[in-house]
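Topology and contacts: notes
Listed below, chain by chain, are the residues.
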Amino acid sequence: MIEFQNVSKTYSNGTKALQNVSLKVDKGEFVFIVGSSGAGKSTFLKLIMGEERANSGEIIVNGKKLSTLRNRDIPYLRRTMGIVFQDFRLIDTMTVYENVAFAMHVVGAAPKNIRKRVPYILGLVGLQNKAKCLPAELSGGERQRVSLARALVNNPEMIIADEPTGNIDPALSYEIVDLLSEINRRGTTVLMVTHEHNLVKHFHRRVVQIHDGQVVADSARKSPGEAPDAAAKPGKEDA
C-alpha cells in the first residue's frame, strides 16, 4: 500500500525534514504516526500525497512509484485517498449534505449516485439528522465528522488523518478515533498523525514514532528473540 525506501527530504532553506526513512504500511493497517512538532510528520504525509517530492529514495503508493509520477497524474493518485484535516476545511456557505456531496461532484460522480451515497455516509458518521445544517451550527466534533464523511464518500483505499482531534474537545477525540477504527475494520487503511499519547495508548494499533526526521520506533518491528505478539503492542516505544 505504502512503502518508503531510504527516503530523504531537505527543503530549499536547508531544513532536513526526513533522513533515510524506510517504512512499509500494508493494506488494511491502522497506523499512528507520532512525534514532536517539527519531527517530520507533516512532510511524511505530504510526500505520500504528492504535495512534496523526495530528494532521494523511492516512495511507492498503491503500486505507483512517485519519483516517476507526472504532476498531472497526482490528482488521480489523491482520489485513492481520503484526507482529514485538523482545521476541518469545510465550506461555510454549504450545508453538511452539500459539503460531502461536493467531494463527489469534483470527481464527476453521477447525481443519482450522489443522492444515494451521501445519506449513507452521513448515517455512518452519525450525522443523518444534520444534513441541512451549516458548519457554523455544528460543534467541533460534528464538524470533524463532516470532514471524515467527506473523506469517505468516494470510497478511498486509505484515510490520511492529520491531527484530526487537534481542534475538538478531548472527550470527543475517542469518538473520532472510534469512527476511524470502524472504517479500518471495513478494510480501509488508516494513517493518523497525532500528538495525543492517551489516544495512542487507548487504541491498540501500530505506532510509528518520528524524531528529527528519522523513524526511531515502530511497534511493528520485532527485536531478536522477542515474542511475536510483544512487538504488536502499540505505543510501548512511545510511552
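I will try to describe carefully the structure that is included in this document. Values in this document were obtained by computation on a predicted structure and should not be read as measured data.

1. What about the pairing of strand 4 (residues 56-61)?
In this sheet, strand 4 lies alongside strand 1 (residues 2-10) in antiparallel orientation, the contact comprising 5 bridges. Opposite Phe4, over in strand 4, you have Ile59 as the bridge partner. For strand 4 and strand 5 (residues 64-65), the ladder comprises 2 bridges, and the chain directions are antiparallel. Across the sheet, the residue bridging to Ile60 is Lys65, located in strand 5. Where strand 4 hands over to strand 5, the hairpin turn is made up of 2 residues, of which Asn62 adopts a positive phi near 50°.

2. Quick look at the sheet that holds strand 8 (residues 189-193)
One open sheet holds the 6 strands; their spatial order is 6-7-8-3-9-10, and the pairing between them is mixed. Whereas interior strands pair on both sides, the edge strands pair on one side only; in this sheet they are strand 6 (81-84) and strand 10 (214-218). On average, each strand axis in the sheet is inclined to that of its neighbour by 20°, with strand direction left out of account. Here strand 7 (residues 158-162) runs beside strand 8; their pairing, made up of 5 bridges, is parallel. Its bridge partner lying in strand 8, Ile159 is registered against Val190. Relative to the sheet, helix 1 (residues 41-49) contacts strand 3 (30-34), strand 6, strand 7, strand 8 and strand 9 (206-211), its axis offset from that of strand 7 by approximately 150°.

3. A short note on the sheet that holds strand 2 (residues 16-25)
Whether parallel or antiparallel, the strands of a sheet pair through hydrogen bonds between backbone atoms. Taken in spatial order, the 4 strands make up an open sheet running 2-1-4-5, and their pairing is antiparallel. Each of the sheet's edge strands pairs with one partner strand only, and the pair in question is strand 2 and strand 5. Summarising the sheet, strand 1 and strand 2 pair through 6 bridges and their orientation is antiparallel. Bridging from a neighbouring strand, Thr10 pairs with Lys16 of strand 2. Contacts from helix 1 reach strand 1, strand 2 and strand 4 within the one sheet, and its direction differs from that of strand 1 by about 120°.

4. Looking at the side chain of Asn184
Counting through the fold element by element, Asn184 comes out in helix 6 (residues 170-185). One polar contact links the side chain of Asn184 to the main-chain carbonyl oxygen of Glu29, over a distance of 3.2 Å. Not counting the four nearest positions on each side in its chain, Asn184 is found in contact with Gly28, Glu29, Phe30, Thr189, Val190 and Arg205.

5. A short note on the pairing of strand 7
Counting buried residues in strand 7 gives 4 out of 5 residues, a clear majority hidden from the surface. As defined by bridge partners, strand 6 adjoins strand 7 across 4 bridges and the pair is classed as parallel. Of the residues in strand 7, the one forming a bridge with Val84 is Ala161. Running through helix 6, the crossover from strand 7 to the neighbouring parallel element strand 8 is right-handed.

6. Observations regarding helix 1
Counting buried residues in helix 1 gives 7 out of 9 residues, a clear majority hidden from the surface. Those residues of helix 1 not exposed but buried are Lys41, Thr43, Phe44, Leu45, Leu47, Ile48 and Met49. Remark: Gly50 follows helix 1 within two positions and exhibits a positive phi of approximately 80°.

7. Here's the deal with helix 6
For helix 6, with 16 residues, the first-to-last C-alpha span of 23 Å sits near the 22 Å given by 1.5 Å per residue. Burial in helix 6 covers these residues: Ser173, Ile176, Val177, Leu179, Leu180, Ser181, Ile183 and Asn184. Where helix 6 is buried, its residues contact strand 3, helix 4 (111-124), helix 5 (140-152), strand 7, strand 8 and helix 7 (197-202). Two residues or fewer after helix 6 comes Gly187, characterised by a positive phi angle close to 110°.

8. Things to note about the layout of surface pockets
Empty space among the atoms becomes visible once a probe the size of a water molecule is rolled across them. Computed from the structure, the largest pocket encloses a volume of approximately 620 Å³. What lines the largest pocket is a set of 20 residues, and nearest its centre among them are Arg78, Met81, Ile83, Ala103 and Arg150. If you list the elements that add at least two residues to the lining of the largest pocket, you get helix 2 (74-78), strand 6, helix 3 (96-106) and helix 5. Looking at which element gives the most residues to the lining of the largest pocket, the answer is helix 3, with 4 residues.

Cut-off values and rules
- Residues numbered from 1 in each chain as written.
- Predicted model: local features only at pLDDT ≥ 70, side-chain atom pairs only at ≥ 80, totals over all residues.
- Heavy atoms only, no water.
- Pairing = 2+ DSSP bridges.
- Helix = DSSP H or I, 4+ residues; strand = E, 2+ residues; numbered from the N terminus.
- Axes fitted to C-alpha atoms, helices over the stretch in contact; angles between N-to-C directions.
- Contact = heavy atoms within 4.5 Å.
- Polar contact = N/O pair within 3.5 Å; in protein donor to acceptor, adjacent residues only side chain to side chain.
- Buried < 20%, exposed > 50% of the residue type's maximum accessible area, 1.4 Å probe, protein only.
- Right-handed = clockwise from strand over helix to strand, strands pointing away.
- Expected span 1.5 Å × (residues − 1).
- 1 Å grid on protein atoms, 1.4 Å probe; cavity = no way out; pocket = protein on both sides within 12 Å on 5 of 7 lines; lining within 4 Å.
- Points joined across faces, edges and corners; volume = space filled by probe spheres on them.

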